Amino acid sequence: MTTILVTGGTGTLGRHVTERLRGDGHEVRVLSRSTQPYAVDLRKGGPGLDTAVAGVDTVVHCASSQSGGDQEAAARLIEAAKKAGVRHLVYISIVGVDLVPLGYYKSKLAVERMVEASGLGWTVLRATQFHDLVLRVLAGLAKVPVMLVPAGVKDQPVEVAEVADRLAELALAAPAGRVADMGGPEVRTFDSLARAYLRATGRKRLVVKVPLWGKAYRGMRAGGLLAPEHAVGKGTFEEYLGRRVGGGRAPERRRDRGGRGA
């Protein structure tokens, strides 16, 4: 069986990837800042990182942070992987990183380019926004009586477990370069997602569409977050809400580590 290292292996996406690979009988090492025996801050590297990658065939890089440091982390990881003779580096990115100039997206695009230039065998998968992220955004917007949502913006949320299945599949295959994007089953206006959230939670809010400004907003309005030609996901946002907040309960707040802001 293959030995695989999953960075951010306790996060939103990484824990699902770990479960899939272990379920198939592979040895999986989980790297995060606080999980032993491979507790490593990727931004700093060090002997712990070298130990984590020693003898590893494939690295699935899910660790990410919207507070910065992704490029430094990727540089440390790539350096250690090359020294250890890692065969395959799999990276999860986001649809629109080259079209929507948000700071976090620019960082994800920079890491893509580092992976491509690493000299390692590599695979990059871009996915649309996870249902989990959309839910957290909507829960925040619904804290006040009037729910303000960006006008003209569409999203295509995807089930994180389905993305994990695809990543696990890619990790067990040969390096494939930039593979086809992965999107959820439906392209939705943001206000329709907001109303679905309100129905599921039983909340009463006035939904108001607000025009914004700036290059990032224009990129979103132009469809930068979408991959309609790759709507391969099956689980809808309503189905996800039914599992998470069905019965009119507001979602519980929790802190996710690692994984994606992908």
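Predicted, not measured: the structure shown is a model, and the values here were computed from it. (Residues numbered from 1 in each chain as written. Predicted model: local features only at pLDDT ≥ 70, side-chain atom pairs only at ≥ 80, totals over all residues. Heavy atoms only, no water.)

A look at unusual backbone geometry
The omega torsion across Gln-36 and Pro-37 is 5°, close enough to zero to call that bond cis. Structurally, Pro-37 is set in the loop between β2 (27-31) and α2 (47-53). (Helix = DSSP H or I, 4+ residues; strand = E, 2+ residues; numbered from the N terminus.)

A look at empty space enclosed by the protein
Of the pockets and cavities examined, the second largest cavity occupies roughly 30 Å³. If you go around the second largest cavity, the residues you meet are His-131, Pro-157, Pro-185, Glu-186, Arg-188, Gly-235, Thr-236 and Phe-237. Grouping the amino acids of the lining of the second largest cavity by side-chain chemistry returns 3 nonpolar, 3 polar and 2 charged. (1 Å grid on protein atoms, 1.4 Å probe; cavity = no way out; pocket = protein on both sides within 12 Å on 5 of 7 lines; lining within 4 Å. Points joined across faces, edges and corners; volume = space filled by probe spheres on them. Nonpolar A, V, L, I, M, F, W, Y, C, P; charged D, E, K, R; others polar.)

Quick notes on the packing of helix α1 (residues 14-23) against helix α6 (residues 160-171)
For the pair α1 and α6, interaxial distance at closest approach is 8 Å and the crossing angle is 50°. Taken together, α1 and α6 sit at an angle that is classed as oblique. The chirality of how α1 crosses α6 is right-handed. Contacts between α1 and α6 involve His-16, Val-17, Arg-20 and Leu-21 on the former and, on the latter, Val-160, Ala-161, Ala-164, Asp-165, Leu-167 and Ala-168. (Axes fitted to C-alpha atoms, helices over the stretch in contact; angles between N-to-C directions. Parallel < 35°, antiparallel > 145°, perpendicular 65-115°, else oblique. Left-handed = near helix turned anticlockwise from the far one by under 90°. Contact = heavy atoms within 4.5 Å.)

Details of the pattern of salt bridges
Inspection of every chain in the model, using the stated rule, returns 14 salt bridges. A salt bridge links Asp-98 to Arg-126, with the nearest nitrogen and oxygen atoms 3.2 Å apart. Within this pair, whereas Asp-98 is found in the loop between β4 (88-94) and α4 (103-116), its partner Arg-126 is found in strand β5 (residues 121-127), the two being separated by 28 residues in sequence. Judged by its relative accessible area of 44%, Asp-98 is partly exposed. Classification of Arg-126 as buried rests on a relative accessible area of 5%. For Glu-238, the salt bridge goes to Arg-188, with nearest N and O atoms at 2.9 Å. Here Arg-188 lies in strand β9 (residues 188-189) and Glu-238 lies in helix α9 (residues 237-245), a separation of 50 residues in the sequence. (Salt bridge = Lys/Arg side-chain N within 4 Å of Asp/Glu carboxyl O. Buried < 20%, exposed > 50% of the residue type's maximum accessible area, 1.4 Å probe, protein only.)

Topic: the packing of aromatic side chains
Following the criterion strictly, the structure yields 1 aromatic pair and no others. With centroids separated by 6.3 Å and ring planes inclined at 20°, the aromatic side chains of Phe-237 and Tyr-240 adopt a geometry described as stacked. Taken together, the residues span about one helical turn, with Phe-237 and Tyr-240 both in helix α9 at a distance of 3 residues. Comparing Phe-237 with Tyr-240, the two get one shared label, buried. (Phe/Tyr/Trp six-rings, centres within 6.5 Å; stacked < 30°, edge-to-face > 60°.)

Quick look at the sheet that holds strand β8 (residues 177-178)
Reading across from one edge, β2-β1-β3-β4-β5-β8 is the order of the 6 strands in this open sheet, with parallel pairing throughout. A strand with exactly one partner marks an edge of an open sheet, and here the two such strands are β2 and β8. This element, helix α3 (residues 70-84), spans β1 (3-7), β3 (58-61) and β4 of the sheet and lies at about 175° to β3. The sheet contacts of α6 involve β3, β4 and β5, and relative to β4 the element is tilted by about 155°. (Pairing = 2+ DSSP bridges.)

Structural notes on the packing of helix α7 (residues 190-201) against α9
Direction vectors running N to C along α7 and α9 enclose 30°, while the axes themselves pass 10 Å from each other. Taken together, the axes of α7 and α9 lie roughly parallel to each other. In this structure, α7 crosses over α9, and the sense of that crossing is right-handed. Residue-level contacts link Leu-193, Ala-196, Tyr-197, Arg-199, Ala-200 and Thr-201 of α7 to Phe-237, Glu-238, Leu-241 and Val-245 of α9. Among the residues forming the contact of α7 with α9, the class breakdown is 7 nonpolar, 1 polar and 2 charged.

Regarding α9
Of all the residues in α9, the buried ones are Phe-237, Tyr-240, Leu-241 and Val-245. Down the axis of α9, the buried set is contained in an arc of 100°. They therefore lie on one face. Looking at the buried residues of α9, the elements they touch are α5 (131-141), β9 and α7. (Arc of directions from axis to C-beta.)

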